[in-house]
Amino acid sequence: MNDHYILKKDHLNSLLRRLMKEYRLVAPTKNPHGDTLFSIIDSIEQAHIDLASQPQGSIKPFLFPQQEVLFDYEHSATIDYHFEHTPDSIPTAFFGVRSCDLSAVLYMDVIFSQKKRDPYYFEKRNEAIIISLACNEPFANCFCNATKTGPFLEYGFDLQLTDLNDRFMVETGRAKGCEIVKRFQHFFEPVEERDSKAQYQAFLEARSHFKQQVHVEQAIKRLAREPIPEEIWESLSLRCQDCGGCAYLCPTCTCFTITDLATSASSGRRIRSWDACTFSGFTRMAGGHNPINSRTHSIKQRFLHKLKYDVQEHGRPSCVGCGRCVGICFGGVDIIRFINKACGQN
Amino acid sequence: MKGNNENIYLPYPARIVRIVEENNQIKTFSLTFTDPLRNESFEYSPGQFMMVSIPNYGEAPISIASSPSRPGSLEVSVRKAGALTTAMHAMNEGEILALRGPYGKPFPMKSLEGRDLLFVAGGIGLAPLRSVINFCLDKKKDFGSITLLYGSRSPEDVAFQSDIKCWQEEESMECLLTVDTTGPGWLGNIGVVTTLLGRITPNFARTSALVCGPSLMIRFVLAELSRMGFSDENIITTLERHMKCGVGICRHCYMDNTLVCVDGPVFSLAQLRIMQDTELC
Ligand SMILES: Cc1cc2nc3c(=O)[nH]c(=O)nc-3n(C[C@H](O)[C@H](O)[C@H](O)COP(=O)(O)OP(=O)(O)OC[C@H]3O[C@@H](n4cnc5c(N)ncnc54)[C@H](O)[C@@H]3O)c2cc1C
Ligand code: SF4
């Protein structure tokens with residue numbers, strides 16, 4: 001059973017300031033252009049923490065950066081080839097992470113450990129505290145109700161907050177969350193019955209406010225049962241512009257590439273960068289042969305991986321219903337479009 | 001294995017102790033780790049591959065061409081295909097590159113015991129099979145007869161000539177060579193490697209076929225072996241894909257729901273059929 005407490009909104013900034021003494025604080029902030037993005041907060045007063053909008057990106061880049069140095073190397077022809085990895089792990093408190101994005105982190109925890117343990121991911125993950133925010137009001141493209149990754153979660157968070165107007169209901173999940181409550185007891189008050197009722201009410205209302213009806217279950221069943229007609233792959237792939245926007249913004253897309261960046265004739269850095277299975281070069285081999293016809297099948301792996309292969313392997317899809325690819329794709333090749341087509345709708 | 005904090009991406013330096021020029025496209029490199037302890041503890045099986053690091057060029061997956069039954073040095077045969085492999089060809093004996101691995105599922109050596117083996121290879125595709133052939137020759141009593149069908153583009157392209165010479169002297173082994181286009185002094189077969197299949201009469205019940213080469217060749221050979229009467233379980237091949245991490249995370253080598261780096265690169269035709277691989281079968 002999770003423990004429940006009340007945190008008055010008046011106390012939020014003081015709590016965050018206390019956390020900032022020990023952690024780098026990352027929260028959704030609105031920039032002067034009106035974009036809401038997760039960013040590092042230097043001063044609570046100056047940052048516009050924005051809990052009302054959907055952050056345009058997830059916290060993926062903080063745990064699995066778009067580009068990261070795996071190590072530096074130095075080569076001397078017949079003497080040595082030396083590799084130096086400098087660990088990069090700043091204890092970080094993530095605040096205001098939505099249920100979908102937290103679910104995506106739980107997925108990455110599996111992806112970066114099940115075959116082999118990825119030290120770069122866990123270097124950062126092990127130093128992270130995640131304070132999530134349940135969604136009282138789903139955003140325009142959200143469908144986490146259909147992927148079962150929100151709007152409220154029961155586990156996975158260190159702390160989960162529910163907005164109850166002038167106060168937050170705080171739930172402890174993992175040990176690090178319990179520790180925060182214990183250490184900063186004076187910020188937390190006991191829960192009254194009306195608070196529990198208000199949270200339940202918020203939960204019920206949130207569930208009824210989804211604007212998208214996405215038949216994720218039905219699509220998963222169909223994919224498990226029969227192949228999708230070739231025309232569907234083709235018509236969607238032909239509209240994919242090879243931009244990678246969906247994969248970059250998607251909180252669960254974790255494909256990457258590795259390249260050497262020379263700093264001299266005999267030294268350099270090995271870099272890992274985000275990649276996307278939708279790119280035509282993703283599977284291209286030396287000599288130019290490509291086992292995948294990227295013109296007609298560029299998006300097949302993306303959707304099957306999320307809705308079929310991950311279901312086979314982990315028992316659940318790896319789309320968390322955040323709706324970001326719906327907003328970003330100018331060719332309309334997003335996952336809702338695909339699910340609708342797979343279910344025989346247009 | 002200990003060291004390097006078990007960071008799966010960190011390679012280990014290895015010295016090129018010998019280079020053999022197999023033809024004008026292929027060189028075989030004998031390598032030893034600069035750390036003697038690593039040489040001692042390094043273990044692998046035929047069919048596995050290494051990620052080879054060349055400074056400033058990154059990494060490439062390369063099959064191990066030597067046999068674990070011949071410890072001492074690790075051999076890889078590399079065809080000049082692009083930037084990294086060309087840079088590797090420019091390296092000299094004594095120079096240092098780096099390795100991580102071994103990776104991938106090896107050939108099922110245990111279940112091949114007691115069976116006759118038919119190897120069908122094209123070009124550089126003989127590299128991973130050379131590991132198996134030498135392994136079997138070193139454990140002759142565990143395996144039946146060995147037949148190699150090897151195709152090259154032209155007589156000058158025939159690689160692994162010193163190996164072939166040794167193999168031709170083996171009583172339990174037969175080697176049939178073919179070239180696509182003939183040249184002066186060529187006495188062997190002319191035509192693609194499938195033409196050699198017509199010249200053998202294997203006992204299907206007790207023979208397993210191991211195939212490696214360009215994907216088009218694999219496709220034709222698998223189809224022909226199947227037509228001849230080999231069961232899908234007894235036809236085994238090893239596949240090439242674009243790979244970056246080698247350990248099942250980066251996903252470049254996907255084939256539907258499998259990852260060639262960890263689920264393969266060795267697959268039986270039966271497995272390929274389940275995967276509905278449209279390129280090969
Ligand atoms: C399991 C396995 C075993 C192998 N064993 C051997 C072996 O024993 N011997 C051997 O010679 N070869 C082997 N290969 C093949 C070998 O890995 C390739 O020939 C090698 O990677 C080519 O590297 P390169 O840098 O020379 O080629 P390049 O053509 O320069 O390319 C290197 C990589 O970058 C990718 N690339 C190139 N251009 C682009 C682009 N425009 N966009 C995106 N990606 C691009 C290619 O797909 C390629 O994978 C094996 C491959 C695998 C998977
Ligand atoms: S596939 Fe689209 S909706 Fe699903 S998690 Fe990724 S970005 Fe969000």
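Right, let's get into the overall build of chain B. In terms of helices and strands, chain B carries nine helices and 15 strands. In summary, chain B has a C-alpha radius of gyration of 18 Å against a globular reference of 19 Å for 281 residues, a match within 12%. Overall, the C-alpha framework of chain B stretches about 50 × 45 × 35 Å when taken along its three principal axes. Per-residue burial over chain B gives 60% buried out of 281 residues. Carbon and sulfur atoms make up 50% of the accessible area of chain B, which totals about 11500 Å². Seen as two clouds, the 26 positive and the 30 negative side-chain charges of chain B have centres 2 Å apart.

What follows is about the domain arrangement of chain B. How big an interface is tends to be expressed through the accessible area that disappears when the partners come together. Residue and element names in this part refer to chain B. Domain parsing of chain B yields domain 1 (12-103) and domain 2 (109-238). Taking only C-alpha atoms into account, the centre of domain 1 sits 23 Å from that of domain 2. Contact residues are listed per partner, giving 19 residues for domain 1 and 17 residues for domain 2. The largest share of the area that domain 1 buries against domain 2 comes from Glu-22, Pro-46 and Arg-70, three residues that together contribute 32% of it.

On to the domain arrangement of chain A. All names here are of chain A. What the domain assignment reports for chain A is domain 1 (4-207) and domain 2 (216-342). Distance between the C-alpha centres of domain 1 and domain 2: 25 Å. At the interface, 43 residues of domain 1 touch 41 residues of domain 2. Between domain 1 and domain 2, the buried area comes to about 3500 Å², and carbon and sulfur atoms account for 53% of it. For the domain 1 face of the interface with domain 2, the top three residues by lost area are Tyr-73, Tyr-107 and Phe-143, together amounting to 20%. Residues Asp-118 and Arg-272 are paired through a salt bridge, measuring 2.7 Å at the closest nitrogen-oxygen approach. Secondary-structure elements contributing two or more residues to the side of domain 1 that touches domain 2 are α2 (60-63), β4 (67-76), α3 (99-111), α4 (119-125) and α5 (144-147).

On to the pattern of salt bridges. Per the stated rule, a full pass over the model turns up 31 salt bridges over all chains. With a closest N to O distance of 3.5 Å, Lys197(A) and Glu193(A) form a salt bridge. Taken together, the residues Lys197(A) and Glu193(A), both in helix α7 (residues 193-208) and four residues apart, mark about one turn of the helix. Side by side, Lys197(A) and Glu193(A) carry an identical accessibility label, which is exposed. The partner of Arg70(B) in a salt bridge is Asp138(B), and the shortest N-O contact between them spans 2.8 Å. Note that Arg70(B) is positioned in the loop between β4 (58-63) and β5 (74-79) and Asp138(B) in helix α4 (residues 126-138), a separation of 68 residues in sequence. Arg70(B) sits in the partly exposed class, given a relative accessible area of 40%.

What follows deals with the pairing of strand β12 (residues 235-238) of chain B. Residue and element names in this part refer to chain B. Both faces of β12 are covered, namely the face carrying Ile-235 and Thr-237 and the face carrying Ile-236 and Thr-238. In terms of strand pairing, strand β11 (residues 207-212) meets β12 through three bridges, oriented parallel. The residue of β12 that forms the bridge with Leu-210 is Ile-236. Between the parallel pair β11 and β12, the chain is carried across by helix α7 (residues 215-228), and the sense of this crossover is right-handed.

Turning our attention to the sheet that holds strand β2 (residues 26-33) of chain B. Residue and element names in this part refer to chain B. With antiparallel pairing, six strands are arranged side by side in an open sheet as β4-β3-β6-β1-β2-β5. Among the strands making up the open sheet, the edge pair consists of β4 and β5. Here the strands of the sheet are splayed against their neighbours by 40° on average, with no regard to which way each runs. As defined by bridge partners, β2 adjoins β5 across six bridges and the pair is classed as antiparallel. Looking across to β5, one finds that Leu-31 is bridged to Leu-74.

Chain A puts 48 residues into the contact, and the matching count from chain B is 38 residues. Roughly 3600 Å² is buried in total at the junction of chain A and chain B, and carbon and sulfur atoms are behind 59% of that figure. For the pair chain A and chain B, the number of links is one salt bridge. A salt bridge links Arg270(A) to Glu59(B), with the shortest nitrogen-to-oxygen separation between them at 3.5 Å. Summed over the shared surface of chain A and chain B, the number is 21 residue pairs in polar contact (both at pLDDT 80 or more).

Among the nonpolar cores identified, the biggest contains 73 residues, and Tyr9(B) and Leu225(B) are the most heavily contacted of them. The greatest single-element share of this core, amounting to six residues, is contributed by α7(B). Sequence-distant contacts of Tyr9(B), that is, excluding residues within four places in its chain, are made with Leu70(A), Phe71(A), Asp118(A), Pro119(A), Tyr120(A), Phe256(A), Ile258(A), Arg272(A), Arg100(B), Cys245(B) and Ile249(B). Judged by nonpolar contacts, the second largest core, of 34 residues, contains Ile26(B), Ile133(B), Ile164(B) and Leu177(B).

Time to look at the pairing of strand β12 (residues 267-274) of chain A. Residue and element names in this part refer to chain A. Counting buried residues in β12 gives seven out of eight residues, a clear majority hidden from the surface. Looking at chain direction, β4 and β12 are connected through seven bridges and run antiparallel. Bridging from a neighbouring strand, Glu-68 pairs with Arg-272 of β12. Taken together, the eight bridges between strand β11 (residues 256-264) and β12 define a ladder with antiparallel strand orientation. Within β12, the position partnered with Ile-258 by the bridge is Arg-272.

Rules and cut-offs
All residue numbers here refer to positions counted from 1 along the written sequence of the relevant chain. Here chains are named by letter from A upward and ligands by number from 1 upward, in the order in which they appear as written. With the structure being a predicted model, the display of local features is reserved for residues of pLDDT at least 70 and the display and counting of side-chain atom pairs for 80 or more, all residues being used for whole-chain, interface and lining totals. Only hydrogens and water are set aside when side-chain values are computed; all heavy atoms of the structure are taken into account. A run of H or I in DSSP becomes a helix once it reaches four residues, and a run of E becomes a strand once it reaches two; helices and strands are each numbered from the N terminus. A radius of gyration in this sense is built from C-alpha atoms; the matching globule rule multiplies 2.2 Å by the number of residues raised to 0.38. Note on exposure labels: buried denotes an accessible area under 20% of the residue type's maximum, exposed denotes more than 50%, and partly exposed covers the range between, all computed with a 1.4 Å probe on protein chains only. All accessible-area figures derive from a Shrake-Rupley calculation using a 1.4 Å probe, and residue coverage is judged against the displayed protein chains alone. This count recognises Lys and Arg as positive and Asp and Glu as negative, with His and chain-terminal groups excluded. Lysine's charge is taken at NZ, arginine's at CZ, aspartate's at CG and glutamate's at CD. Domain start and end points were adopted from an automatic or database domain assignment. Between two residues, a contact is recorded if the distance between any of their heavy atoms is within 4.5 Å. Defined in terms of a 1.4 Å probe, buried area is the accessible area two parts forfeit on being brought together, summed over both. Whenever a carboxyl oxygen of Asp or Glu lies within 4 Å of a side-chain nitrogen of Lys or Arg, that contact is scored as a salt bridge. Strands qualify as paired when DSSP identifies two bridges or more between them. Crossover handedness is defined by viewing with both strands directed away from the observer: a clockwise path from the first strand over the helix to the second marks the crossover as right-handed. An axis is simply a line fitted to the C-alpha atoms; with a helix, the fit covers only the stretch in contact. Between two such axes, the angle follows the N-to-C directions and lies from 0 to 180 degrees. N or O atoms within 3.5 Å of each other form a polar contact, as long as, within protein, one can give a hydrogen and the other can take it, and as long as residues adjacent in sequence are counted only when both atoms are side-chain atoms. For our purposes a nonpolar core is just a set of buried Ala, Val, Leu, Ile, Met, Phe, Trp, Tyr and Cys residues, chained together by side-chain atoms within 4.5 Å.

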